[in-house]
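# Summary of structural features
Spelled out, the chains give:
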Amino acid sequence: MILDLIKEYNNRKNRKHLYNTSYYWDQKAKNCTGSSISMWPNKNLNILYDTEIKNIVNDYLFLFKNKKVLDIGCGTGRMSKYFADCGAESVVGIDFSKVSLEIAMNTNPHKKVEYIHMPIKEFLREGFFDTAFTWGVLTFAARNSEELVEILKVIYKNLKEDGKILFLEPIHSSFLHRVLCLSISSFLEILQENNYEVLEVRQLHFWPMRIILSYINLPMLITKPLYEFGQLLMKILPNTGDYKMIYARKKSNKLH
């Protein structure tokens, strides 16, 4: 356990040069199992987070049911399959981690899901998708605001006119940031400058409790009450969500 914590600390310390590489996610997929491949070492916390994310999707089911969905950074395909199970017309899951996609094809196959090994910057089916989805992708892939804009422009091109997007991202300008170090206000401003209309913002995952719970695989008897207490505090205390949910739509006017 101590060695695992030291390894996680070293990875975190080198995150700017590590988290946005396919090598890191390939190795994580090789060395971890189940939800820990793309989430946290505490698999019980992952169960609670997975439920929280799926509840959000259920709140926005109209974005997925009978829609063409682009799952950006799909990892092992849990959400891609969930969108298909929720009635999506078709789902394309893309990721730059070949090992993660191999796991997706083996553990989360679905006749409506197509998995593609490709970075988002290179993917283009212009005007094809009704909905795009990211879960902890942009803030790992983009090293700065310029790279964020580049990715947003690619997503924009892939969406139909008035297409929608659901971002679930750990957006921070503090020590909590992953690769991209940017405030939520700056992130929203960049969205608006690049022809996205922000419709709603929510907080997810109370970050002080996430730090306590995420790195050790604690039993559910401990994890769940602490997680629920954190969720309660997050409703009271401002800007304490580790992740932000941003629901936005593509404006009809073209980017230049």
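First, a word on what this report is: a plain description of the structure on this page. (Residues numbered from 1 in each chain as written. Predicted model: local features only at pLDDT ≥ 70, side-chain atom pairs only at ≥ 80, totals over all residues. Heavy atoms only, no water.)

## What about the packing of helix α4 (residues 43–59) against helix α5 (residues 78–85)?
It is at 12 Å that the axes of α4 and α5 come closest, and there the two elements cross at 35°. The two elements α4 and α5 cross, and the hand of that crossing is right-handed. For the pair α4 and α5, the contacting residues are Asp50, Ile53, Lys54, Val57 and Asn58 in the first and Arg78, Met79, Tyr82 and Phe83 in the second. Residue composition of the contact of α4 with α5, grouped by class: 5 nonpolar, 1 polar and 3 charged. (Axes fitted to C-alpha atoms, helices over the stretch in contact; angles between N-to-C directions. Helix = DSSP H or I, 4+ residues; strand = E, 2+ residues; numbered from the N terminus. Left-handed = near helix turned anticlockwise from the far one by under 90°. Contact = heavy atoms within 4.5 Å. Nonpolar A, V, L, I, M, F, W, Y, C, P; charged D, E, K, R; others polar.)

## Considering the pattern of salt bridges
Enumeration according to the criterion identifies 15 salt bridges in this entry. Among the ionic pairs, Asp50 bridges to Lys54, the shortest N-O distance being 3.0 Å. Residue Asp50 and its partner Lys54 are located together in helix α4, separated by 4 residues, close to a single helical turn. Judged by relative accessible area, which is 15%, Asp50 ranks as buried. Put simply, Asp162, Lys164, Glu197 and Arg249 are held in one network by salt bridges that share partners. (Salt bridge = Lys/Arg side-chain N within 4 Å of Asp/Glu carboxyl O. Buried < 20%, exposed > 50% of the residue type's maximum accessible area, 1.4 Å probe, protein only.)

## What to know about helix α8 (residues 145–158)
Compared with an ideal rise of 1.5 Å per residue, which puts 14 residues at 20 Å, α8 spans 20 Å between its outermost C-alpha atoms and is within 8% of the ideal. Among the residues of α8, those classed as buried are Glu147, Leu148, Ile151, Leu152, Val154, Ile155, Tyr156 and Asn158. Where α8 starts, the residue carrying a side-chain oxygen 3.2 Å from the main-chain nitrogen of Glu146 turns out to be Asn144. (Expected span 1.5 Å × (residues − 1). Polar contact = N/O pair within 3.5 Å; in protein donor to acceptor, adjacent residues only side chain to side chain.)

## Re the sheet that holds strand β2 (residues 90–95)
Spatial strand order, β3-β2-β1-β4-β5-β7-β6: 7 strands in an open sheet with mixed pairing. Each end of this open sheet is capped by a strand with a single partner; those strands are β3 (113–117) and β6 (196–206). Strand-to-strand twist of the sheet, defined as the mean angle between neighbouring strand axes without regard to direction, takes the value 15°. Pairing between strand β4 (residues 129–135) and strand β5 (residues 159–169): 6 bridges, direction parallel. Considered in β5, the bridge of Thr131 is made with Lys164. Strand contacts of α5: β1 (68–72), β2, β3 and β4, with the helix running at about 155° to β3, the strand carrying the most contacts. Contacts from helix α6 (residues 98–107) reach β2 and β3 within the one sheet, and its direction differs from that of β3 by about 160°. (Pairing = 2+ DSSP bridges.)

## Structural notes on the side chain of His205
With respect to the helices, strands and loops of the structure, His205 is situated in strand β6. Looking at His205, its side chain comes within polar contact range of the side chain of Glu52, at 3.0 Å. Those residues within four positions of His205 in sequence are excluded, and the remaining contacts are Tyr49, Glu52, Ile53, Gln231, Met234, Thr240, Gly241, Asp242 and Tyr243.

## Side note on the packing of aromatic side chains
For the coordinates displayed, the defined rule picks out 18 aromatic pairs. Ring centres of Phe83 and Phe133 lie 5.0 Å apart, and the angle between their planes is 75°; this geometry places the pair in the edge-to-face category. Of this pair, Phe83 sits in helix α5 while Phe133 is found in strand β4, placing the two residues 50 residues apart along the sequence. Exposure remark for Phe83: the relative accessible area of 0% places this residue in the buried category. (Phe/Tyr/Trp six-rings, centres within 6.5 Å; stacked < 30°, edge-to-face > 60°.)

## What about the packing of helix α3 (residues 22–31) against α6?
In contact at an axis separation of 7 Å, α3 and α6 are set at 45° when each is read in the N-to-C sense. What the angle tells us is that α3 and α6 run oblique. Taking contact as the criterion, the partners of Trp25, Asp26, Ala29 and Lys30 in α3 are, on α6, Lys98, Val99, Ser100 and Ile103. Residue classes in the contact of α3 with α6 are distributed as 4 nonpolar, 1 polar and 3 charged. (Parallel < 35°, antiparallel > 145°, perpendicular 65-115°, else oblique.)

## Digging into the nonpolar core
Phe64, Met79, Phe83, Phe133, Trp135, Leu166 and Met245 are the most contacted members of the largest nonpolar core, which has 43 residues in total. A total of 6 residues in this core trace back to one element, the largest contributor, which is α4. Once residues within four sequence positions are removed from consideration, Phe64 is found in contact with Val57, Val69, Phe83, Gly87, Ala88, Glu89, Thr131, Phe133 and Leu166. Counting 31 residues, the second largest nonpolar core, distinct from the first, contains Ile94, Phe129, Leu148 and Phe187. (Core = buried A, V, L, I, M, F, W, Y, C linked by side-chain atoms within 4.5 Å.)

## Topic: unusual backbone geometry
Note: most residues except glycine have negative phi, and most peptide bonds are trans. Residue Asp162 is not a glycine yet carries a positive backbone phi of 65°. By the secondary structure assignment, Asp162 is in strand β5. Residue classification places Asp162 among the partly exposed residues on the basis of a relative accessible area of 35%.

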